Amino acid sequence: MATPKGITNLATLIKHMEPVLNEGEYIFATVTDLAAIPRGITICEIKEKEGTTVVLPKEEAIRLGMPFDFVAAWITLNVHSALEAVGLTAAFATALGDAGISCNVIAGYYHDHIFVDNHSAAKAMDVLWKMTEEG
């Protein structure tokens, strides 16, 4: 079965970003023993030479006694961006940066996922929707 192709045109991507703020609070943590983390609770993970970074709900990290220092809100851009699309990450990262909001970006096959400081979530959503409206 063929997988649908994502959008590559930057103007179309921005116009159709449709940012959605996912419920909850999320944290980034690093672990050396991935087997200690139930895989069903992780949002994503990336292996680095120092350990594996996991993103998971804050309440799960607390339950597992995992240390963390950054609590994030998770925003999903509902546009199906192609992995080879050029400029979308730069566009929203610049707009968020200009508003004083740092972002951590994870690209899935279908969508881009942006993690911002939990206290900046509403402001980040305003910035992203403004980009969409201005095209």
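Everything below is about the structure shown above.
What you are looking at is a predicted structure, and each value in this text was computed from that prediction instead of being measured. (Residues numbered from 1 in each chain as written. Predicted model: local features only at pLDDT ≥ 70, side-chain atom pairs only at ≥ 80, totals over all residues. Heavy atoms only, no water.)

**Let's talk about helix H4 (residues 121-134)**
Note: α-helices contain 3.6 residues per turn, so residues at a spacing of three or four share the same orientation.
For step 1, the next point in the chain: Taking 1.5 Å of rise per residue, 14 residues should cover 20 Å, and H4 covers 20 Å from first to last C-alpha, within 8% of that figure.
For step 2, the next point in the chain: Within the span of H4, buried status applies to Ala121, Ala124, Met125, Val127, Leu128, Met131 and Thr132. In an axial view of H4, the angular spread of the buried residues amounts to 160°, which keeps them on one side of the axis. Turned more than 90 degrees away from the buried face of H4 sit Ala122, Asp126, Glu133 and Glu134, all of them exposed.
For step 3, the next point in the chain: As for H4, its buried residues are in contact with helix H1 (10-15), strand S1 (19-21), strand S5 (71-77), helix H3 (88-98) and strand S7 (112-117).
For step 4, the next point in the chain: Directly after H4, the chain includes Gly135, whose backbone phi takes a positive value near 65°. (Helix = DSSP H or I, 4+ residues; strand = E, 2+ residues; numbered from the N terminus. Expected span 1.5 Å × (residues − 1). Buried < 20%, exposed > 50% of the residue type's maximum accessible area, 1.4 Å probe, protein only. Arc of directions from axis to C-beta. Contact = heavy atoms within 4.5 Å.)

**Looking at the pattern of salt bridges**
Side-chain pairs of opposite charge can arise where the charged atoms are in close proximity.
For step 1, the next point in the chain: Applying the stated criterion across every chain, the model contains five salt bridges.
For step 2, the next point in the chain: For Lys58, the salt bridge is made with Glu25, and the minimal N-O distance between the two is 3.5 Å. Here Glu25 lies in the loop between S1 and strand S2 (26-31) and Lys58 lies in helix H2 (residues 58-64), a separation of 33 residues in the sequence.
For step 3, the next point in the chain: Judged by its relative accessible area of 23%, Lys58 falls in the partly exposed class.
For step 4, the next point in the chain: Using a relative accessible area of 29% as the deciding quantity, one classes Glu25 as partly exposed.
For step 5, the next point in the chain: Taking the shortest distance from any N to any O, the salt bridge between Glu45 and Arg39 comes out at 2.4 Å.
For step 6, the next point in the chain: The class of Glu45 is partly exposed, set by a relative accessible area of 29%. (Salt bridge = Lys/Arg side-chain N within 4 Å of Asp/Glu carboxyl O.)

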